[in-house]
Structure formats: structure tokens, C-alpha cells
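# Descriptive structure summary
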Amino acid sequence: MNIIQKIKDAKLTGRGGAGFPTWQKWEAVKNAPGEKKYIIVNGSEGEPGVLKDGFILENYPEELINGVKVALETFENSEAYIYLRKDYYDKYKSKLVELSRDFSITLTREPGGYLCGEESTLIESIEGNRFEPRDKPPFPTEKGLFGMPTLVNNLETFYWISKIAKDEYHSNRFYSLSGDIANPGVFEFSEDLSIEKILKETNNFPEKEFFVQVGGGASGIILTREELENKVTGAGAIIVYDKEKTDPKALMKKWIDFYFNENCGKCVPCREGVYRIKELLENDNLDLEKLKDIVFVLEETSFCPLGKGVAMPFEGFLGKIY
Amino acid sequence: MEKVTIKIDGKDYQAEEGDTILKIAHKNGIKIPSLCFHPDAKARSNCRMCVVEIKGNKNLQTSCSTKVTEGMEIITDSGRIKRARKINLELIFSQHQEECDDCVSLDSCRLLKYQKEFGAEINKFPDRKKNRKIVQTGPIVFDWTKCIDCRLCADVCPVEFLEVENRGADIAIEASSDEKKECINCGQCIVHCPVGAIEAEGEFEEIEKPLADKSKTVIIQFAPAIRSSIGEEFGMEAGSIVTDQMVAGMKKLGFSKVFDTSVAADFTTYEEAQELLERVKTGKNLPAFSSCCPAWVKFLEFYYPEFIHNLCTSRSPQIMMGGILKTYWAKENNVDPKDIIVVSVMPCTAKKFEVKREEMKLENGCFPVDYVLTTREMARLFKKHNIDLKNIEPEKADNPFGDPSGAGVIYGASGGVFESAFRTAYFMATGKNMENVDVKEIRGLEGIKIKELKLGDTILKVAVVSGIKNAQKMLEELKKNPSAFHAMEVMACPGGCIGGGGQPIPNTPEIRKKRAQALYQVDAEKKMRLAHENPSVLEAYEKHFTDKEIIHKVLHTSYQQRKKSEVKELKSSRGD
């Protein structure tokens with residue numbers, strides 16, 4: 001059976017956070033006209049609390065390279081890039097070079113920060129341009145790296161591609177657990193498992209009052225103890241916050257400092273909005289109305305997923321926790 | 001292109017696949033606010049003001065960059081859209097230091113218009129750019145305390161002199177410190193800035209100066225391209241011809257004489273036609289480049305000095321007029337040239353630089369022109385004195401430089417300079433006038449027009465170019481094939497001077513088309529359409545410009561390779 005059909009049957013979705021059906025990207029690249037095609041492994045993993053790509057690099061680099069190999073075989077005249085955040089690159093370079101010796105695979109050290117994990121920004125950065133997202137359409141699958149059809153999948157996604165090719169995929173995913181828990185780390189479970197179950201299975205279910213942030217440590221959504229029947233979304237992180245120990249304002253500041261440093265400055269809601277949230281959080285009395293207004297435009301009107309990501313934790317946090 | 005049917009606010013519209021929502025909306029009179037969008041540049045979609053609802057999309061989408069598809073359903077106005085636009089506008093205001101009283105964009109300010117429309121609070125957040133730099137290079141002043149980071153200026157700058165620096169909230173547009181980059185003063189950044197962050201030197205402070213010295217003979221001249229654009233500043237339709245209203249206004253302001261630079265253009269034509277014929281005959285310094293656009297001249301001097309010898313040595317019309325006034329006219333009228341002040345009204349910011357070029361100095365020590373006002377400044381001066389061009393009794397410009405040929409008027413549009421020169425060169429080469437003087441094939445707003453024209457037995461290959469990026473393409477072409485054509489007319493601004501950096505804002509392709517059409521209309525309606533038939537020109541040559549030496553001193557110039565100019569830091573936009 002062809003691999004794209006297998007990926008479709010497996011219902012694999014992208015593990016980078018957006019959860020897009022993987023087979024659709026593969027099929028789009030396969031069908032897009034282009035003298036050359038590019039495959040990019042996105043190992044930018046820049047959000048606090050998300051550790052799974054590093055875990056795969058440490059433990060299963062062969063599977064990763066095998067996944068890339070499957071892609072190279074699927075797309076005619078293709079070339080692959082493994083794009084890694086700086087410390088991953090430095091740590092795993094020699095191992096990956098060794099494993100990928102016989103394939104046209106190039107290792108790239110991410111030149112920028114978190115935003116370079118956004119697929120079009122990633123492409124811009126490889127091309128040597130300003131680290132800013134591109135307008136879509138055209139999507140990378142039609143016109144990506146150097147104007148050619150380009151498949152950008154998260155590093156973990158390639159791991160599962162390898163498993164699918166070997167008929168060893170059973171709808172599992174990796175979860176990064178951190179925060180106020182006893183056993184932090186990366187765990188593999190079915191993607192259908194609820195948050196509550198995952199916490200219990202790993203002996204991490206807190207005894208004290210708590211809330212969780214799910215997805216990523218900046219863009220993750222906020223859920224309370226009553227909402228733990230939900231499944232894990234986004235990049236698969238669960239961060240547990242001890243309610244008593246956590247200073248809500250400090251937590252908001254932590255998120256916004258991250259986005260303040262990582263946003264590219266292109267669009268108004270992100271550049272100005274994040275600046276103003278930072279300013280609002282520095283006041284003793286937090287102007288909630290202004291904060292909600294900015295969160296609204298971040299969610300509704302920001303150019304790329306980074307801006308929408310800023311809104312995600314705030315939307316649940318305001319009201320549920322603060 | 002495929003036709004598609006889309007729904008905007010519940011009504012069906014036909015559109016072409018590939019068109020953006022914004023384009024279709026504007027075409028059908030549906031108003032959508034936008035700041036960072038300009039039809040001259042690719043959609044940046046960074047101001048997020050043009051957001052709309054599209055059925056099937058979770059969040060709002062920008063209409064400037066979203067292309068229509070069959071069956072698309074769009075809502076352009078709703079509570080959700082209004083709220084988003086209002087908040088984004090308030091965030092934009094928080095970057096922009098308001099100085100509305102002396103803003104180039106005051107009358108066309110979209111920020112204020114939208115502020116009223118959406119009930120936005122201007123000072124919802126404190127201005128965060130108060131301490132940003134204000135810098136000047138040549139006659140262009142960049143006030144970064146007003147910048148909203150839309151980047152249109154950097155996008156339209158033809159020499160990539162404006163660079164985007166830094167990231168996040170520290171993002172800044174900066175004048176390049178690269179020694180290999182130089183501003184050519186074209187002012188396209190000014191007419192594309194949506195918030196008036198860029199202006200020309202003295203745009204507000206110096207407009208009264210020329211009239212202050214009562215002991216002097218203060219003469220004003222106005223460029224060909226002003227007559228079809230300045231009306232816009234008084235609420236008139238683009239392309240309204242207001243030559244005589246403007247003259248009346250200038251007289252009311254107290255200028256001793258009002259002359260038409262188009263008459264000087266007839267002198268330029270006369271000289272340039274001879275230069276062209278001479279070069280074609282001898283084969284030297286071909287192709288001949290037009291030399292009346294000072295931004296183009298500076299571009300060549302800095303970036304392509306190897307082509308300097310291709311420039312015609314004929315001075316630009318405003319400089320010729322100044323020189324003629326301070327030599328010939330001064331003598332005829334018994335006035336000491338040192339007691340004459342010449343003010344030019346130009347559609348151009350580079351003209352402010354041109355008048356200060358040392359090589360323009362006359363033998364008597366005078367610079368031909370003392371002050372340059374842009375179209376915008378002239379309008380501002382009128383308004384300040386309660387002169388409304390809509391309600392004024394028209395008057396004729398003064399003699400002997402008040403009545404140009406039609407050829408002198410079309411100088412303001414791309415192709416006009418060459419068309420004028422061609423009409424006269426034709427006469428000089430063949431001894432008779434063209435049967436039909438219209439050279440329609442080189443008219444129009446297209447950036448590059450390459451045509452072959454018959455001049456007697458010679459086939460003249462000409463390139464007519466507007467926009468420096470296009471000129472650069474042609475120069476690169478010439479490097480490969482030096483005899484690709486005989487002559488090249490270049491205007492730095494899109495469409496020629498009608499789209500100049502000193503012109504009223506907004507300055508869009510549609511507006512430029514109307515301004516240009518009006519100039520051709522004036523030409524078509526003129527009896528006298530040939531520069532070499534202008535009696536003022538003929539009389540001057542008969543009486544004064546009788547030998548080569550005097551002609552060269554007043555009507556010709558030289559060029560020089562240039563170094564990068566200083567980028568000065570100013571304390572405030574007022575230049576103090």
C-alpha cells in the first residue's frame with residue numbers, strides 16, 4: 001500500500017501543535033508541480049515545557065532518519081533538511097550526520113528563536129531572509145523553500161511516519177509533563193488518553209489544588225481540575241501549576257516575556273499588543289478591559305500562529321484563574 | 001482569468017479569480033479601512049485594519065491579501081469587525097506621535113478619519129516612540145516618532161535606502177548607513193507614508209520666507225505637472241486643470257511675476273533636440289539620457305557613474321528658467337540679478353536638492369533658483385492665506401514666460417519630455433514639422449516603453465522609463481548591449497512628475513492617470529504645440545542666447561560622481 005494512503009488510514013495529525021492531517025500535506029506536495037521538492041523536519045521545539053523532539057533525538061534518532069527516508073522515497077527528486085534548534089543541533093549533529101550519510105539530508109542549525117518554528121518563517125530563515133512569516137496562500141506545499149513544493153512536518157511526525165511505514169503505529173503520541181509534579185519527563189501513550197489518566201498513569205496527579213496548561217508552555221490552553229477529561233492538544237505538553245504556589249501575575253508575565261522576546265514585529269496586534277500587555281502587567285492594578293481587548297485582536301487578527309498563541313493561555317486564564 | 005461570483009455583505013459580485021477582496025470591494029464602492037496597503041506595493045497585511053469575516057474561517061482575515069474564490073461569502077462590517085479595527089487602531093495610535101498642526105497628511109489623514117469612524121481613543125496607550133530619532137538626508141526628513149511600522153516607505157524606495165531593522169517592538173525603519181546606498185531624494189516614501197512620518201525639508205517652516213523680503217523682485221514659476229494636481233488639495237477631482245486659478249492665487253500672494261516652467265521646458269526641448277541629433281549624427285555618447293529629473297541624475301551619479309556621459313547636458317526646465325531670469329530677463333528689465341528671488345513650485349522633492357548643486361551657479365554668482373516649494377507646500381501657502389483655487393477669478397501668467405507650447409506642458413508625464421524633443425528634432429532634421437505631432441506610442445503609465453520612431457531616414461530606437469527600478473533594469477541591459485537604443489527618457493517617479501514625491505497625497509495609479517491625461521488634454525487644445533515655435537523662445541535666442549558660450553553657461557551643466565550624503569540627526573521634525 002502506498003505510504004500516503006497508510007498515513008491517511010492511520011489518521012496521523014501533525015505533532016507540531018496545529019494538528020493538521022499529515023496525509024493532506026503529503027498528498028499536496030506529491031501532486032504539486034515542481035522540478036524539485038523539499039522535505040523539512042521541523043525540530044525547532046522552542047516552547048517552554050515541550051521536550052518531546054529532544055527526547056526522540058536522544059533515544060530514537062534511527063526512527064527519525066527512517067521517517068525522512070520514507071519521505072525522500074515518496075517525493076521524486078527531493079532533498080531534505082533537518083532543522084534543529086541550536087542546542088539540539090550541537091548535541092545531536094554527529095549522530096544524525098552518521099545516520100543520514102547515504103541520503104540527501106542537510107542539517108540546519110536554527111538561526112533565530114521560537115518564531116522560526118513557524119513553517120513559513122522557517123523557510124525564510126533557510127533562505128537567509130528576515131525571520132518573518134509569509135502570507136498564505138501560497139502554502140509551502142505549493143511554493144515553499146526556494147519556490148518549490150515543500151513538506152514541513154514536525155520532528156515527532158517523522159518518527160510516527162517511520163512507525164506507520166513499518167506497521168508499528170498504534171495512535172500513540174509523546175507527552176511532555178512538567179511543572180509542580182513528582183515525575184516530570186516525556187511519556188508515550190495513546191492519543192486518546194485523557195489528561196487525568198495521563199497524570200494518574202505517570203503518578204503525577206497532584207493532591208493539592210491545581211490547574212494545568214496543555215499544549216505548550218506559552219501557547220497552551222488553561223484547564224481546571226474539572227476539565228481533565230479532555231485530551232491533550234497542541235504539541236503534547238502538560239504543565240501542572242500548584243494553585244497555592246502560583247502567582248497568577250508572575251505566570252502571565254512569564255508568558256508575555258516569552259512572546260515579547262520572540263515576536264517578529266510584523267503585525268500590529270502582536271508587535272503592539274504584546275508590548276502593551278507587558279506594560280499592563282507592570283502596573284499594580286491590572287486593567288482587565290484593556291487586556292481582554294488586546295487578547296481579542298491577537299486571537300482574531302494576528303498575522304501568524306504566534307499571535308494567536310499569545311491569546312490562548314490568556315483566554316482561559318482570565319476568568320478561570322484570575 | 002476565470003470569473004467568480006462572491007458575496008459581499010449579502011450581495012453578489014462578479015470578480016476575477018486572483019483579485020483580492022479589498023480590490024473588489026473598492027471597485028464596488030464598499031469601504032474597507034486600510035493603512036499599510038497601497039496599490040503601488042505588494043500587500044504587506046501588517047496593519048490588520050482591513051480585516052473582514054469570511055464564512056468558514058474561524059478568525060478575521062485581511063482583505064488586502066486574501067484572494068477571492070468562487071462562492072466566497074464575506075462580511076465587511078459587524079460588531080466583531082468594528083471592535084477589532086478599533087483596538088488595532090488604538091494600538092497603532094500608540095506608536096504615532098501626533099503633531100497634526102504641521103503634518104503633510106493632515107488633509108488626507110486616514111488615522112483621524114478612522115478614529116472618528118470607529119470611535120477610537122487616540123491616547124488609550126501612551127506614545128511609545130517619543131524618543132525615536134528624527135533624521136534628515138538631503139531634503140528628506142524622516143520622523144520615526146510617527147512611524148507605524150507599515151514599511152510602505154521601504155517597499156517603494158527604489159534604491160533600498162530604507163531598511164527594516166530589529167525585531168518585535170524594537171522594529172524600526174532606518175536610513176541606511178551602508179556607504180554603497182544613497183537617498184536620491186525622489187520622495188516616493190513621502191507620498192506613500194499613510195501617517196505623514198516623512199516630509200520634505202522646510203515643508204512647513206519655509207513657505208513664507210520667499211515673500212518676506214519686500215526689497216526683492218520675487219518671481220514664482222510653476223512646473224508642468226502642478227496644474228493638473230494642485231486642485232486635489234482644494235477638493236477638486238484629480239486631473240482638474242487649474243493653471244489660471246493658481247496664477248491668480250500666486251498674484252494675490254504678492255509675487256512680482258508668475259511664470260510658467262513649461263516655457264522653460266520649451267527651451268530645454270530646443271537644447272535637448274539639438275543634443276540628440278548631434279549625438280545620433282556623431283555616434284558619440286549614445287544612448288542619450290534625459291536630464292531633467294534630478295532624482296534620476298543623482299541616481300546615475302551615485303550608482304552608475306560610468307553612464308554619466310550619456311546624460312544630456314541640457315539643464316532641467318526650472319534651472320533654465322532661473323538662469324534665464326537672472327541673466328537675460330534681468331538685463332532686459334534692468335534688474336540686478338542679485339535682487340531677484342526665484343521660487344519654483346515643483347511636484348518634486350529632488351528639485352530641492354537640484355537647486356543647491358554648485359555646478360548650477362551662474363557666472364554672476366547667483367544660483368538660478370532660490371526656493372523650491374512642493375505642490376503640497378504651495379497649496380498650504382494658499383490655504384494659509386485663505387486662497388481657495390475653487391473660488392478665484394482666473395488670471396494669465398506673465399509675459400514673456402507665461403505661454404508655453406503644448407509640448408512644454410506634457411513634460412509632466414512620462415514620455416512627455418521625449419515626445420517634445422522628438423517633435424522639435426523632427427523639424428530640425430527634416431526641415432518640416434510632423435504632420436501629426438502626437439507621439440501616442442510613448443505615452444501612458446507603463447514603466448518601460450521601448451519604441452522605434454521614424455525621424456526622416458533614421459529609425460530612432462527609444463526607451464521611455466518611469467520608476468528607478470525600471471531604469472536600473474535598462475542600464476543593466478545597456479551594459480550588455482550598449483547600442484540597444486538611441487535615447488532614453490527616465491523619470492524617477494511612477495508615471496513621471498505627475499506622480500512626483502512633492503505631489504498631493506494620496507498618489508495612486510488611478511490619480512496619476514487622470515493627472516497625466518489632463519496634461520495631454522492641455523496640449524491637444526493648444527494651437528502652439530511645438531517648442532521651436534514658441535515666440536518667447538525664439539526671441540530669447542535672437543536677443544541673448546546667440547553664441548555657444550553663453551548658451552552653455554546658462555542652459556547646460558555638468559555632472560559628477562557622488563559620495564554618500566550625511567544622515568543628520570535632528571532634535572525635532574521642525575528642524576531646530
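Keep in mind the model is a prediction, meaning the values are calculated, not measured. (Residues numbered from 1 in each chain as written. Chains lettered and ligands numbered in written order. Predicted model: local features only at pLDDT ≥ 70, side-chain atom pairs only at ≥ 80, totals over all residues. Heavy atoms only, no water.)

### Digging into the overall build of chain B
Counting its secondary structure elements, chain B contains 18 helices and 19 strands. Taking 25 Å as the expected radius of gyration for a compact globule of 576 residues, we find that chain B reaches 24 Å, a close match to that expectation. The proportion of buried residues among the 576 residues of chain B is 63%. Considering only residue pairs separated by 6 or more positions, chain B has 74% of its internal contacts joining residues 24 or more positions apart. One way to put it: in chain B the 85 positive side-chain charges average out to a point 3 Å from where the 85 negative ones average out. (Helix = DSSP H or I, 4+ residues; strand = E, 2+ residues; numbered from the N terminus. Rg over C-alpha atoms; globule rule 2.2 N^0.38 Å. Buried < 20%, exposed > 50% of the residue type's maximum accessible area, 1.4 Å probe, protein only. Contact = heavy atoms within 4.5 Å. Lys, Arg positive; Asp, Glu negative; His and termini not counted. Charge placed at Lys NZ, Arg CZ, Asp CG, Glu CD.)

### Digging into the overall build of chain A
Along its length, chain A carries 12 helices and 9 strands. On the principal axes, the C-alpha backbone points of chain A span a range of 60 × 45 × 35 Å. Among the 322 residues that make up chain A, the fraction classed as buried is 58%. Relative to all contacts within chain A whose residues are 6 or more apart in sequence, the contacts with residues 24 or more apart total 65%. Here chain A displays about 13,100 Å² of accessible surface, and carbon together with sulfur accounts for 47% of that area. Of note, chain A has its 42 positive side-chain charges centred 2 Å away from the centre of its 53 negative side-chain charges. (Areas by Shrake-Rupley, 256 points an atom, 1.4 Å probe, with all protein chains shown as cover.)

### What about the pairing of strand E16 (residues 448–455) of chain B?
A regular strand places its side chains on the two faces of the sheet in alternate fashion. Residue and element names in this part refer to chain B. Bridge count between E16 and strand E17 (residues 458–466): 8 bridges; the pairing is antiparallel. Within E17, the position partnered with Lys451 by the bridge is Val462. Count of turn residues in the E16/E17 antiparallel hairpin: 2 residues, of which Gly456 carries a positive phi of about 65°. (Pairing = 2+ DSSP bridges.)

### Things to note about the sheet that holds strand E2 (residues 11–16) of chain B
Residues and elements named next belong to chain B. Here we have 5 strands laid out as an open sheet, ordered E2-E1-E5-E3-E4, and mixed in their pairing. Looking along the sheet, the strands with just one partner apiece sit at the ends: E2 and strand E4 (61–62). Note that strand E1 (residues 3–8) and strand E5 (residues 73–75) share 2 bridges and pair parallel. Paired with Lys7 across the strands is Glu73, a residue of E5.

### A look at the interface of chain B and chain A
The interface of chain B with chain A comprises 35 residues on the first partner and 32 residues on the second. Between chain B and chain A, the buried area comes to about 2,800 Å², and carbon and sulfur atoms account for 49% of it. Among the residues of chain B in contact with chain A, Arg48(B), Leu91(B) and Arg167(B) are the three that bury the most area, contributing 20% of the side total. Inspection of the chain B/chain A interface yields 7 salt bridges. (Buried area = accessible area lost by both parts, 1.4 Å probe. Salt bridge = Lys/Arg side-chain N within 4 Å of Asp/Glu carboxyl O.)

### Some thoughts on the side chain of Lys449(B)
Residue and element names in this part refer to chain B. The topology assignment puts Lys449 in strand E16. For Lys449, which is buried and forms no salt bridge, the nearest opposite charge comes from Glu489, at a distance of 6.4 Å. Excluding residues within four positions of it along the chain, Lys449 makes contact with Ser414, Gly415, Ile442, Arg443, Gly444, Val462, Ala463 and Val464.

### Comments concerning the packing of helix H9 (residues 248–262) of chain A against helix H12 (residues 305–320) of chain A
Residues and elements named next belong to chain A. Interaxial distance between H9 and H12 falls to 10 Å at its minimum, and their mutual angle equals 175°. By the angle class used here, H9 and H12 are roughly antiparallel. The segment H9 lies against H12, with Pro248, Leu251, Met252, Trp255, Ile256, Tyr259 and Glu262 engaging Leu306, Gly309, Val310, Pro313, Phe314, Phe317 and Leu318. Class assignment for the residues of the contact of H9 with H12 results in 12 nonpolar, 1 polar and 1 charged. (Axes fitted to C-alpha atoms, helices over the stretch in contact; angles between N-to-C directions. Parallel < 35°, antiparallel > 145°, perpendicular 65-115°, else oblique. Nonpolar A, V, L, I, M, F, W, Y, C, P; charged D, E, K, R; others polar.)

### Notes on H9(A)
All names here are of chain A. In a regular helix each residue adds 1.5 Å, so 15 residues correspond to 21 Å; H9 covers 21 Å between its end C-alpha atoms and thus fits that length. Residues of H9 that are buried sit in contact with strand E7 (210–215), strand E8 (221–224), strand E9 (237–242), helix H10 (268–282), helix H11 (288–301) and H12. Here H9 starts with a cap whose side-chain oxygen sits 3.1 Å from the backbone nitrogen of Lys249, and that cap is Asp247. (Expected span 1.5 Å × (residues − 1). Polar contact = N/O pair within 3.5 Å; in protein donor to acceptor, adjacent residues only side chain to side chain.)

### Thoughts on the pairing of strand E6 (residues 185–190) of chain A
Residues and elements named next belong to chain A. Pairing between strand E5 (residues 172–179) and E6: 6 bridges, direction antiparallel. By the bridge assignment, Asn172 is partnered in E6 with Ser190. Connecting E5 to the antiparallel partner E6 that follows it, the hairpin turn spans 5 residues.

### Brief notes about the side chain of Glu489(B)
Residues and elements named next belong to chain B. Its location among the elements puts Glu489 in strand E18 (residues 487–491). In this structure the side chain of Glu489 is engaged in a polar contact, spanning 2.7 Å, whose partner is the backbone nitrogen of Gly415. Polar side-chain contacts of Glu489 include one of 3.2 Å to the backbone nitrogen of Val417. Ignoring any residue separated from it by four or fewer positions in sequence, one finds Glu489 in contact with Ser290, Ala413, Ser414, Gly415, Gly416, Val417, Phe418, Ala463, Val464 and Val465.

### Here we look at the environment of Tyr83(A)
All names here are of chain A. In this structure, Tyr83 sits in strand E2 (residues 78–84). By relative accessible area, Tyr83 is classed as buried at 0%. When the C-alpha atoms of Tyr83 and Thr108 are compared, they prove to be 4.7 Å apart, with 25 residues separating the residues in sequence. Dropping the residues within four chain positions of it, Tyr83 is found in contact with Ile40, Val41, Asn42, Gly43, Ser44, Thr108, Glu110, Pro111, Cys116, Leu122, Ser125 and Ile126.

### Considerations on the pattern of salt bridges
Evaluated as defined, the whole model comprises 83 salt bridges over all chains. When the shortest N-O distance is used, the salt bridge between Asp287(A) and Lys290(A) registers 3.9 Å. In this structure Asp287(A) comes out as partly exposed when scored by relative accessible area, which is 29%. Here Lys469(B) ties to Glu160(B) by a salt bridge, and the two come within 2.9 Å at their closest N and O atoms. Linking Lys469(B) in helix H15 (residues 468–480) with Glu160(B) in the loop between helix H4 (152–156) and strand E8 (162–165), this pair joins segments that are 309 residues apart in sequence. What makes Glu160(B) partly exposed here is its relative accessible area of 41%. One salt-bridge network, held together by shared partners, links Glu419(B), Arg423(B), Asp438(B), Arg443(B), Asp523(B) and Arg529(B).

### Considering the sheet that holds strand E13 (residues 288–289) of chain B
All names here are of chain B. Judged by pairing direction, the sheet is mixed, and its 4 strands sit side by side in the order E13-E18-E17-E16 without closing on themselves. The sheet is open, and its two borders are formed by E13 and E16, each paired with just one other strand. In the sheet, E17 pairs with E18 via 5 bridges, with the strands oriented parallel. Its bridge partner being in E18, Ser466 is matched across the sheet by Met491. Each of E13, E16, E17 and E18 is contacted by H15, which is oriented at about 140° to E17, the strand it contacts most.

### Some thoughts on the packing of aromatic side chains
Using the criterion set out here, one finds 44 aromatic pairs over all chains in the structure. A ring pair is formed by Tyr38(A) and Tyr81(A), whose centres lie 6.1 Å apart and whose planes are at 50°; its orientation type is tilted. Remark: Tyr81(A) occurs in strand E2 and Tyr38(A) occurs in strand E1 (residues 37–43); sequence separation between them is 43 residues. You'll find Tyr38(A) and Tyr81(A) in the same group, each marked buried. When the ring centre of Trp23(A) is taken as origin, the NZ or CZ atom of Lys8(A), which lies over that ring, is 4.2 Å away. In this structure, Arg83(B) is placed above the aromatic ring of Phe296(A), and the distance from its NZ or CZ to the ring centre is 4.0 Å. (Phe/Tyr/Trp six-rings, centres within 6.5 Å; stacked < 30°, edge-to-face > 60°. Lys NZ or Arg CZ within 6 Å of the ring centre and 35° of its normal.)

From the geometry alone we can't say anything about function, so treat these as descriptive.
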